[in-house]
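Listed here are the chains, written in short residue letters.
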Amino acid sequence: MMLPNTGRLAGCTLFITGASRGIGKAIALKAARDGANVVVAAKTSEPHPKLPGTVYTAAEEIEAAGGKALACVVDVRDENQLSEAVEKAVKTFGGIDILVNNASAISLTNTLDTPMKKVDLMMGINTRGTYLTSKVCIPYLKKSSVAHILNLSPPLNLNPVWFKNHCAYTIAKYGMSMCVLGMAEEFKGEIAVNALWPKTAIHTAAMDMLGGSGVEKQCRTTDIMADAAYSILSKPKNYTGNFVIDEEILKSEGIKDFDVYAVSPGHPLLPDFFLDESPDELTSKMETHGGSAAFKEGKTVASSLKGPVEETFSVIGKSINEEAVKSIQGVYQFELAGSEEGSWYMDLKNGKGAVGKGEPPMKADVMMTMASEDFVKMFTGKLKPTMAFMSGKLKIKGNMGLAMKLEALLGRMNSKL
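Residues numbered from 1 in each chain as written. Predicted model: local features only at pLDDT ≥ 70, side-chain atom pairs only at ≥ 80, totals over all residues. Heavy atoms only, no water.

Chemist: Give me the nonpolar core: which residues, what numbers.
Modeler: By size, the foremost hydrophobic cluster in this structure holds 50 residues, and its most contacted members are Tyr332, Phe334, Leu348, Met368 and Phe375. When residues of this core are assigned to their parent elements, the largest contribution, 5 residues, is made by helix α14 (residues 400-414). Those residues within four positions of phenylalanine 334 in sequence are excluded, and the remaining contacts are Phe313, Gly342, Ser343, Trp344, Met346, Met368, Phe375 and Phe379. Ala36, Ala59, Met225 and Tyr230 belong to the second-largest nonpolar core, a separate cluster that totals 43 residues. (Core = buried A, V, L, I, M, F, W, Y, C linked by side-chain atoms within 4.5 Å. Buried < 20%, exposed > 50% of the residue type's maximum accessible area, 1.4 Å probe, protein only. Helix = DSSP H or I, 4+ residues; strand = E, 2+ residues; numbered from the N terminus. Contact = heavy atoms within 4.5 Å.)

Chemist: Describe a nonpolar patch on the surface, and please don't skip the residues or the numbers.
Modeler: On the surface, Leu156, Met178 and Leu181 cluster together to form a nonpolar patch covering roughly 290 Å² of accessible area. Positionally, leucine 181 belongs in helix α5 (residues 167-186). (Patch = residues over 30% accessible without salt bridge, like charges linked within 9 Å, V, L, I, M, F, W, Y side chains within 5 Å. Areas by Shrake-Rupley, 256 points an atom, 1.4 Å probe, with all protein chains shown as cover. Salt bridge = Lys/Arg side-chain N within 4 Å of Asp/Glu carboxyl O.)

Chemist: Kindly report on helix α10 (residues 308-319), identifying the contributing residues and their values.
Modeler: Here α10 contains 12 residues, and its C-alpha end-to-end distance of 17 Å stays within 8% of the 16 Å for a straight helix at 1.5 Å per residue. Three or more residues of α10 are buried, namely Val309, Thr312, Phe313, Ser314, Val315, Ile316 and Ser319. (Expected span 1.5 Å × (residues − 1).)

Chemist: So what about the environment of methionine 207? Which residues, and what values?
Modeler: Among the secondary structure elements, methionine 207 is positioned in helix α6 (residues 205-211). In this structure the C-alpha to C-alpha distance between methionine 207 and glycine 401, which are 194 residues apart in sequence, comes to 9.9 Å.

Chemist: Mind laying out the environment of isoleucine 232, listing which residues take part and the relevant values?
Modeler: One can find isoleucine 232 in helix α7 (residues 223-233). Taking the relative accessible area as the measure of exposure, isoleucine 232 reaches 0% and is therefore buried. Between the C-alpha atoms of isoleucine 232 and asparagine 194, which are 38 residues apart in sequence, the distance is 8.1 Å. Apart from residues no more than four positions distant in its own chain, isoleucine 232 is found in contact with His148, Leu150, Asn194, Leu196, Tyr239, Val244 and Ile249.

Chemist: Could you give an account of unusual backbone geometry, with specific residues and numbers?
Modeler: At phenylalanine 274, a residue that is not glycine, the phi angle is positive and equals roughly 75 degrees. By the element assignment, phenylalanine 274 lies in the loop between α8 (246-252) and α9 (279-288). In this structure, glutamine 329 takes a positive phi of about 55 degrees despite not being glycine. Tracing the sequence through the fold places glutamine 329 in the loop between α11 (322-328) and β8 (330-337).

Chemist: So what's going on with the pattern of salt bridges? Which residues, and what values?
Modeler: What the rule picks out here adds up to 9 salt bridges. When the shortest N-O distance is used, the salt bridge between lysine 142 and glutamate 190 registers 3.8 Å. Placement of lysine 142 in the loop between α4 (116-141) and β5 (148-151) and of glutamate 190 in the loop between α5 and β6 (192-197) is noted, with a sequence separation of 48 residues between them. Among the residues examined, lysine 142 registers a relative accessible area of 41% and is labelled partly exposed. Judged by its relative accessible area of 31%, glutamate 190 falls in the partly exposed class. In this structure, glutamate 247 and arginine 220 form a salt bridge, with 2.9 Å as the shortest nitrogen-oxygen distance.

So, in structure tokens, the structure goes:
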């Protein structure tokens, strides 16, 4: 059972950034079922070729769910657009009771591979956008008896593992969390300021773009974040300065069955970034909850004289086909260190696909660097690619979207091996 609506947000006005789709829209719809007013503050005014929804379609859904909606085309980096939207919200609904800072930008790239344009985008939307939106809304929030700010940002975990592979993104998200830390103290007694973060990956259009086909099976739906946000926003003002994990607060609300939030109930879930369990431990837990190895028991190997890496590529070569090439459209190069040091490639862009030793005959779209032992673990299902990346065992250069598709590819290969 999901968290039921109680009517606590009836008549409240919520200003939600990035509410045209994903988690922001899910929070908006949950509040709308109480009869809340929702300001949809987002950039998308025209349909996007890859992402669903606009501020106007989200507003229609909110009204159909029982709320009142105001669609505002807003780039949270633009102070004038933001101020105008806030003034319009106050004029339309009489004030602002709740601010949800949901708008965010992501690029999971290392320091040398992150263009400054992307750095500026993440800092501008995540950190500066959250600070600016809060600053503009706070004078009105102070007048509300509800008065909440909720940032969709992680707990401040200073373990270097969360910085080493995507330093700019981590800084930008932690900037949102530092706003919680500072503003909760600054406005104590006047405005509750909290952060919310998911325990597992959440299935959104952005996740589809990052992870590719099949990634949704490892995710929960946006409903879990909407329910967790609803629980936080229903609490009094003295509930402030908290870094909340969705599953934990819902357990405190009496929710016991979390399969209701899973896209594929029973399937192993992809843990989210910034949480303190070690990636290796999380991988192990995923395996014990139904994760299947890439190589089925009873599969014979071609030759006992081959090393594990060569053997792995031999099996991969027999498994790839035109369907995989059509869906992936990428060339992967693997630079392996350790007992089987060397270069290997996987061509999933041309013809029926190919694997081989050495550098690929054409430029690779993605280069992955790791120990040969970890490579074998990754392709035998003992180490998830995302976990390898998060823990620093896997370094990636090139097209990050194609890199994220590797995990979905392994899942599809699994049924054929």
